[in-house]
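# Chains, contacts and geometry: an overview
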Amino acid sequence: MKEKNTKKENKIKQIWNTKRGKALIKLGGWLLFFLLLGSCVAVLGNNNKDFQKTEHQNEKKNDERIMYKDLKSMLEDLQKENIRYEYTITNFITTEKINFHGERIDQIETGYRESKIGIIKYKIVEGKTYQIFVDSEEEIDNLFNPEDMTNLNLENLLEKLNNMNKNEILHDTKREIIYQNEDEVITIKTTTKEITEIKINKEEKEYLLQYEKIEKE
């Protein structure tokens, strides 16, 4: 083995001692250098392309960030736009449920209230509530009890929310905003432009308010 290595070393020395041999060895060295240099440039080029691609993707994600309309505007729209709605009031103590389902078009509400005492058809115009019969209608003031009316009134909801702890959960183009304090938990579900559901949980009652916008034809 040592003899073979010695012979190889002697052969390299013999080649190096000739002008042609030196030239060939130097040429081989330069070729190896350029091959290594080309490999480094290719690797750096690919890395730069990957970096630029990642940067472009990040910029695209930033440009496509989902923007939500502010909650105050959504609540204001909910009070003036044409909507279908369903309210379910659950009393945890008595297990009684009261259901309201109807629609508001051009600020006139019509709907039905269902409870253990039966079904009432109603209409609300300019703040006045009427019970509708087959051939007549009569103004009433007991469609909602005072406690329920307070929780169904959206005008004062924003002020209440400002004094509660807030947690927001995003699901692509939908979000869930949870407000809570010691007395109640309010969960509001929205799309990017409108409120679809408000749920108010108290110790004795739950108010589930669901909304669907009526598009103008």
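This write-up is about the structure you can find in this document. Just so it is clear, the structure is predicted and the values come from calculations on it, not from any experiment.

Empty space within the largest pocket amounts to approximately 670 Å³. Along the wall of the largest pocket there are 26 residues; nearest its centre are Arg 104, Glu 109, Ile 124, Met 149 and Leu 152. Broken down by secondary-structure element, the contributors of at least two residues to the lining of the largest pocket are helix H3 (71-80), strand E1 (83-91), strand E4 (118-125), strand E5 (128-132), strand E6 (137-140) and helix H4 (146-152). Take the lining of the largest pocket: its biggest share by element is three residues, from E1. Looking at the lining of the largest pocket residue by residue, the classes come out as 13 nonpolar, six polar and seven charged.

Take the sheet that holds strand E2 (residues 97-105) next. Taken together, the 11 strands give an open sheet; going across it, the order is E6-E5-E4-E3-E2-E1-E11-E10-E9-E8-E7, and neighbouring strands pair in antiparallel fashion. Only two strands of the sheet have a single neighbouring strand rather than two, namely E6 and strand E7 (165-171). The mean inter-strand angle of the sheet, taken between neighbouring strand axes irrespective of direction, is 20°. Running over the sheet, H3 touches E1, E2, strand E8 (174-180), strand E9 (185-190), strand E10 (195-201) and strand E11 (205-213) and is turned about 100° from E10.

Its location among the elements puts Asp 172 in the loop between E7 and E8. A sequence separation of 20 residues divides Asp 172 from Thr 192, and the C-alpha atoms of the two residues are 9.3 Å apart. Discounting residues that sit within four places of it in the chain, Asp 172 has contacts with Ile 66 and Tyr 68.

Moving on, we come to the pattern of salt bridges. Counting across every chain of the model gives 11 salt bridges. The shortest N-O distance in the salt bridge between Lys 213 and Glu 81 comes to 3.6 Å. Here Lys 213, found in strand E11, pairs with Glu 81, found in the loop between H3 and E1; they are 132 residues apart in sequence, far enough to count as distant. For Lys 213, a relative accessible area of 31% gives the class partly exposed. Through salt bridges that share partners, Arg 84, Glu 103 and Glu 212 make up one connected network.

On the surface, Glu 182, Asp 183, Glu 203 and Glu 204 cluster together into a patch of negative charge. Judged by relative accessible area, which is 74%, Glu 203 ranks as exposed.

Going residue by residue along strand E3 (residues 108-115), you find Glu 109, Gly 111, Arg 113 and Ser 115 tucked away on one face and Ile 108, Thr 110, Tyr 112 and Glu 114 left uncovered on the opposite face. Judged from the seven bridges that link them, E2 and E3 form a sheet pairing that is antiparallel. Counted as the bridge partner of Glu 103 is Thr 110 from E3. Following E2, the chain reverses through two residues before pairing antiparallel with E3; Asp 106 in that reversal takes a positive phi of roughly 55°. Strand direction decides the pairing type here: E3 and E4, joined by eight bridges, are antiparallel. When the sheet's bridge partners are listed, Glu 109 is paired in E4 with Ile 124. Connecting E3 to the antiparallel partner E4 that follows it, the hairpin turn spans two residues.

The rules behind these values
- Residues numbered from 1 in each chain as written.
- Predicted model: local features only at pLDDT ≥ 70, side-chain atom pairs only at ≥ 80, totals over all residues.
- Heavy atoms only, no water.
- 1 Å grid on protein atoms, 1.4 Å probe; cavity = no way out; pocket = protein on both sides within 12 Å on 5 of 7 lines; lining within 4 Å.
- Points joined across faces, edges and corners; volume = space filled by probe spheres on them.
- Helix = DSSP H or I, 4+ residues; strand = E, 2+ residues; numbered from the N terminus.
- Nonpolar A, V, L, I, M, F, W, Y, C, P; charged D, E, K, R; others polar.
- Pairing = 2+ DSSP bridges.
- Axes fitted to C-alpha atoms, helices over the stretch in contact; angles between N-to-C directions.
- Contact = heavy atoms within 4.5 Å.
- Salt bridge = Lys/Arg side-chain N within 4 Å of Asp/Glu carboxyl O.
- Buried < 20%, exposed > 50% of the residue type's maximum accessible area, 1.4 Å probe, protein only.
- Patch = residues over 30% accessible without salt bridge, like charges linked within 9 Å, V, L, I, M, F, W, Y side chains within 5 Å.
- Areas by Shrake-Rupley, 256 points an atom, 1.4 Å probe, with all protein chains shown as cover.
- Lys, Arg positive; Asp, Glu negative; His and termini not counted.
- Charge placed at Lys NZ, Arg CZ, Asp CG, Glu CD.

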